[in-house]
Amino acid sequence: MTDEMMTLRTLLEKSADADLLREMIGFTAQRLMELEVENKTGAGYGEKSAERLVQRNGYRDRLWETRAGTVELRIPKLRKGSYFPAFLEPRRLAEKALTAVVQEAYVHGVSTRSVDDLVKAMGMTGISKSQVSRLCEEIDEKVKAFLSRPLEGDWPYLWIDATYVKVRQSGRIVSVAVIVAVGVNCDGRREVLGMAIGPSEAEPFWTEFLRKLARRGLRGVKLVISDAHEGIKAAVAKVLHATWQRCRVHFMRNVLAHAGRQGRRVVAAFIGTAFVQDDAEAASKQWRAVADQLRPKVPKLAAMMDEAETDVLAFMTFPKDHRE
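Here the structure is a predicted model, which means the values were calculated and not measured.

1. Considering the overall build of the protein chain
Step number 1: A count of helices and strands for the protein chain gives eleven helices and seven strands.
Step number 2: A burial count over the protein chain gives 48% of its 324 residues as buried.
Step number 3: Taking all contacts inside the protein chain whose residues are at least 6 apart in sequence as the whole, residues at least 24 apart take part in 59%.
Step number 4: About 17100 Å² of surface is accessible on the protein chain, with carbon and sulfur atoms providing 49% of the total.

2. Re the environment of Leu147
Step number 1: Looking at the secondary structure, you find Leu147 in helix α5 (residues 129-147).
Step number 2: You can call Leu147 buried: its relative accessible area is 15%.
Step number 3: Between the C-alpha atoms of Leu147 and Arg216, which are 69 residues apart in sequence, the distance is 9.8 Å.

3. Comments concerning the side chain of Arg56
Step number 1: Mapped onto the fold, Arg56 is located in strand β1 (residues 56-66).
Step number 2: With a relative accessible area of 10%, Arg56 lands in the buried category.
Step number 3: Of note is the side chain of Arg56, whose polar atom sits 2.9 Å from the side chain of Glu34.
Step number 4: A polar atom in the side chain of Arg56 sits 3.0 Å from the side chain of Tyr59.

4. Let's talk about the pairing of strand β4 (residues 172-184)
Step number 1: For β4, the tally of buried residues reaches ten of 13 residues, placing the bulk of the element in the interior.
Step number 2: Taken together, the eight bridges between β4 and strand β5 (residues 190-198) define a ladder with antiparallel strand orientation. Bridging from a neighbouring strand, Val180 pairs with Met195 of β5.
Step number 3: If you look at the hairpin formed by β4 and β5, you'll find five residues sitting between the two strands, and Gly188 has a positive phi there, around 85°.

5. Quick look at helix α4 (residues 112-121)
Note on helix geometry: an α-helix contains 3.6 residues per turn, so any two residues three or four positions apart are oriented the same way.
Step number 1: Within α4, burial applies to Ser114, Val115, Asp116, Leu118 and Val119.
Step number 2: Of the residues one or two after α4, Gly123 is the one with positive phi, at around 70°.

6. A closer look at the packing of aromatic side chains
Step number 1: Scanning the entire structure with this criterion turns up seven aromatic pairs.
Step number 2: For the ring pair Trp64 and Phe87, a centre distance of 5.0 Å and an interplane angle of 50° mean the geometry is tilted. Placement of the pair is Trp64 in strand β1 and Phe87 in the loop between β2 (69-78) and α3 (94-108), with a sequence separation of 23 residues.
Step number 3: Judged by relative accessible area, Phe87 falls into the buried class, the value being 2%.
Step number 4: Site record: aromatic cluster; members linked through ring pairs are Phe251, Phe275, Trp287 and Phe315.
Step number 5: Positioned above the aromatic ring of Phe27 is the side chain of Lys142, whose terminal nitrogen or guanidinium carbon lies 4.7 Å from the ring centre.
Step number 6: Positioned above the aromatic ring of Phe146 is the side chain of Arg149, whose terminal nitrogen or guanidinium carbon lies 4.0 Å from the ring centre.

Thresholds, definitions, all that
- Residues numbered from 1 in each chain as written.
- Predicted model: local features only at pLDDT ≥ 70, side-chain atom pairs only at ≥ 80, totals over all residues.
- Heavy atoms only, no water.
- Helix = DSSP H or I, 4+ residues; strand = E, 2+ residues; numbered from the N terminus.
- Buried < 20%, exposed > 50% of the residue type's maximum accessible area, 1.4 Å probe, protein only.
- Contact = heavy atoms within 4.5 Å.
- Areas by Shrake-Rupley, 256 points an atom, 1.4 Å probe, with all protein chains shown as cover.
- Polar contact = N/O pair within 3.5 Å; in protein donor to acceptor, adjacent residues only side chain to side chain.
- Pairing = 2+ DSSP bridges.
- Phe/Tyr/Trp six-rings, centres within 6.5 Å; stacked < 30°, edge-to-face > 60°.
- Lys NZ or Arg CZ within 6 Å of the ring centre and 35° of its normal.

By themselves, these are just geometric observations and shouldn't be taken as functional.
See the structure below:
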């Protein structure tokens, strides 16, 4: 798996229960088992056919540990003989290949070639080209349904992030921006709300992305967390009229580049003391004290703290029990 696809997986897994990946991994694995058993038995599930070779006999449950969490599988049983999917055998890299195909589906639609390769990687046999094509359509339909579903209720907190991945377009490999929005509703549930693909992270791209979320029902957004990309900030102000919070992770990554390899851990802990204060006033006071203490040795780092104070500490004005 490429570094870009691993980064995309990290974005997708910001959903607390990893529904976006786990459910699609489970769906695809289940459909592949059904197709393989259909070819072994000579007929589809519940189908009356003179060509049937053996009757089915229900299912047995099996848990499959994947990168996206535990997937519940229902393995088909046969009245004569046995069936066990090869992809569950130890040391097989099937789950890695399956995850890659699901990610591909979210980026630009899954291809029959990639599913063909997946079938081979999973050690499955007897699945025809037409069945592969049908499975591609089913995966794409489920992805489209998920990414266009209505958004219900209020989503006061919204994280938006992006990464770049390489895709094939018109016979050429090009780099595209993949942006993901993860929301937290009033019950504290995290959920991936949307994803979009574009040539760059320019403001019009972000603006249209947020407007599309709004058309699907996104409302009640009070705080948007992202990196300090000017296009994001402008789009948030234009579409959502919400408070913008600079992502602490991105900020720390940027600021610690000036701390020196030996001092990064200490500086990170020092800055982190501002985040655990009880209120915005105390956090701001501690932030400035830390900046002043670092200023003599790392003036550039202190200057970055001065500039970013308001944006990085924006979340401190929200209820304390929402900050975790």
